[in-house]
Amino acid sequence: MTFHTPNQPVVFITGASGGFGLLTSLACAEAGYLVVASMRDLSKSENLMEQARKKGVEASIACIRLDVTNQEDIDSAVPEVINRFDAIDVLINNAGYAAGGFTEEVPLEAWREQFETNLFGLIAVTKAVLPHMRKRQDGTIINLSSISGRMALPGLGPYAASKFAVEGFSEALRLEMLPHGVHVVLVEPGSYQTDIWSKGMSDFNVDLESPYSEETETLMKMVSHIAKTADDPEEVTRLIVKVTQENNPNLRYPVGKNVKTMTRLKTLLPWRWLEHMILKKINPRK
Ligand SMILES: NC(=O)c1ccc[n+]([C@@H]2O[C@H](COP(=O)([O-])OP(=O)(O)OC[C@H]3O[C@@H](n4cnc5c(N)ncnc54)[C@H](OP(=O)(O)O)[C@@H]3O)[C@@H](O)[C@H]2O)c1
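Residues numbered from 1 in each chain as written. Predicted model: local features only at pLDDT ≥ 70, side-chain atom pairs only at ≥ 80, totals over all residues. Heavy atoms only, no water.

Before going further, it helps to examine the sheet that holds strand S4 (residues 90-93). Through backbone hydrogen bonds, the strands of a sheet pair up, either in parallel or in antiparallel fashion. Strands sit in the order S3-S2-S1-S4-S5-S6-S7 across an open sheet of 7 strands; the sheet is parallel. Each edge of the open sheet is held by one strand with a lone partner, namely strand S3 (61-65) and strand S7 (252-255). Each neighbouring strand pair of the sheet contributes to a mean axis angle of 20°, computed without reference to strand direction. As defined by bridge partners, strand S1 (residues 10-13) adjoins strand S2 (residues 34-39) across 4 bridges and the pair is classed as parallel. Looking at the pairing, Val10 lines up with Leu34 of S2. Packed on one face of the sheet, helix H4 (residues 108-136) meets S1, S4, strand S5 (139-144) and strand S6 (182-189) and runs near 175° to S4. (Pairing = 2+ DSSP bridges. Helix = DSSP H or I, 4+ residues; strand = E, 2+ residues; numbered from the N terminus. Axes fitted to C-alpha atoms, helices over the stretch in contact; angles between N-to-C directions. Contact = heavy atoms within 4.5 Å.)

Here the focus is the side chain of Arg174. Structurally, Arg174 is set in helix H5 (residues 157-177). Within the buried core, Arg174 has no salt-bridge partner, and the shortest N-O distance to an opposite charge, that of Glu246, equals 9.6 Å. Here Val184 takes part through its backbone oxygen, which lies 3.0 Å from a polar atom of the side chain of Arg174. (Buried < 20%, exposed > 50% of the residue type's maximum accessible area, 1.4 Å probe, protein only. Lys, Arg positive; Asp, Glu negative; His and termini not counted. Salt bridge = Lys/Arg side-chain N within 4 Å of Asp/Glu carboxyl O. Polar contact = N/O pair within 3.5 Å; in protein donor to acceptor, adjacent residues only side chain to side chain.)

Looking now at the site of the ligand. Around the ligand there are 29 residues in total, and Ser17, Lys44, Tyr159, Tyr192 and Thr194 lie nearest to it. With respect to the ligand, the backbone of Gly96 contributes an N or O atom lying 3.4 Å from an oxygen atom. Protein burial of the ligand: of its 890 Å² of free accessible surface, 96% is covered by the chains. No other element matches helix H6 (residues 196-201), which puts 3 residues into the shell around the ligand. The residue makeup of the shell around the ligand, split by class, is 10 nonpolar, 13 polar and 6 charged. (Near = heavy atom within 4 Å. Areas by Shrake-Rupley, 256 points an atom, 1.4 Å probe, with all protein chains shown as cover. Nonpolar A, V, L, I, M, F, W, Y, C, P; charged D, E, K, R; others polar.)

For the rest of this paragraph, the subject is the state of the cysteines. Taken as a whole, this structure holds 0 disulfides when the rule is applied. There is no disulfide at Cys28, and the cysteine sulfur nearest it, in Cys63, is 14 Å away. Of the residues examined, Cys63 reaches a relative accessible area of 27% and is grouped as partly exposed. (Disulfide = S-S within 2.5 Å.)

Under the defined criterion, the tally for this structure stands at 2 aromatic pairs. Plain terms: the ring middles of Phe20 and Tyr192 are 5.9 Å apart, the flat faces sit at 65° to each other, and that makes the pair edge-to-face. Here the residue Phe20 occupies a position in helix H1 (residues 19-30), and Tyr192 occupies one in the loop between S6 and H6, the gap between them amounting to 172 residues. A single burial state applies to Phe20 and to Tyr192, both of which are buried. Between the aromatic rings of Phe102 and Tyr212, the centroid separation amounts to 5.0 Å while the plane-to-plane angle is 10°, which identifies the pairing as stacked. Of this pair, Phe102 sits in the loop between S4 and H4 while Tyr212 sits in the loop between H6 and helix H7 (213-229), and the two are 110 residues apart along the sequence. Residue Phe102 is classed as buried on the basis of its relative accessible area of 11%. (Phe/Tyr/Trp six-rings, centres within 6.5 Å; stacked < 30°, edge-to-face > 60°.)

What follows is the structure, given as structure tokens:
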């Protein structure tokens, strides 16, 4: 049973079945928001609601079905939320996944699917919410980007390209919507322990016939090491809640080990130095 008290601000989040989405839903509910936690498979809501019950916030979370790549889902979910709860104060575009592989070997269909979710899904949900926020002259839209939206690595082309596109879209939208009282924000995490790593690893197979087999093997080892040593995702969740409470949030919030250093190095160092360093790491023998 979800209760909505008058003046309780409403957060609408995508991809709330696990990872940052689930943790952010809980943290926002604990911070006093009414959370509409959307997910493409509602049978996964039990995990979120179980944790919500333990924290005593289940009355502040409503789950709704939404696959961000399905326009019919969006057309039905967004008006339903606005009708039922009067408002969407904060939209958190979190749903996403990481597709990897070397460009030559990634089917074009996999590139398109990556963009359908990470970019076009995010744009479609945003477009559905924008008229409502513009009319109210109020709202915050938080887009989950990544360090991969600022700096691309070999073998992660589809993911990096989709997140670079999210960055460009968000810069433009920020400038369009600021005059209407709507703040657009990018949260740019480094590596955190969620299921994104195990799901992404399924794209990596070492094919000994492949001209990229050595690089793929090194990348698989790097990703597996990162997955094991990645930070606690609660750090990102806390940051997102903090951003929702800002009256005048920044455009970008980089977060995580070395993320600020990496983005600074990219602007300070000549590109040739950077590429030399990265390539030495990926394939020391070449
Ligand atoms: N973890 C990191 O290190 C990291 C770093 C930087 C940025 N990010 C970004 O953070 C966001 C969340 O990722 P995560 O790390 O929390 O990964 P995760 O644990 O794999 O969670 C991803 C969520 O997105 C959902 N999703 C995927 N495709 C969807 C679709 N078409 N429609 C609706 N929901 C969909 C998944 O639903 P299912 O359960 O149905 O698959 C899941 O709930 C992503 O945008 C990711 O790029 C993560």
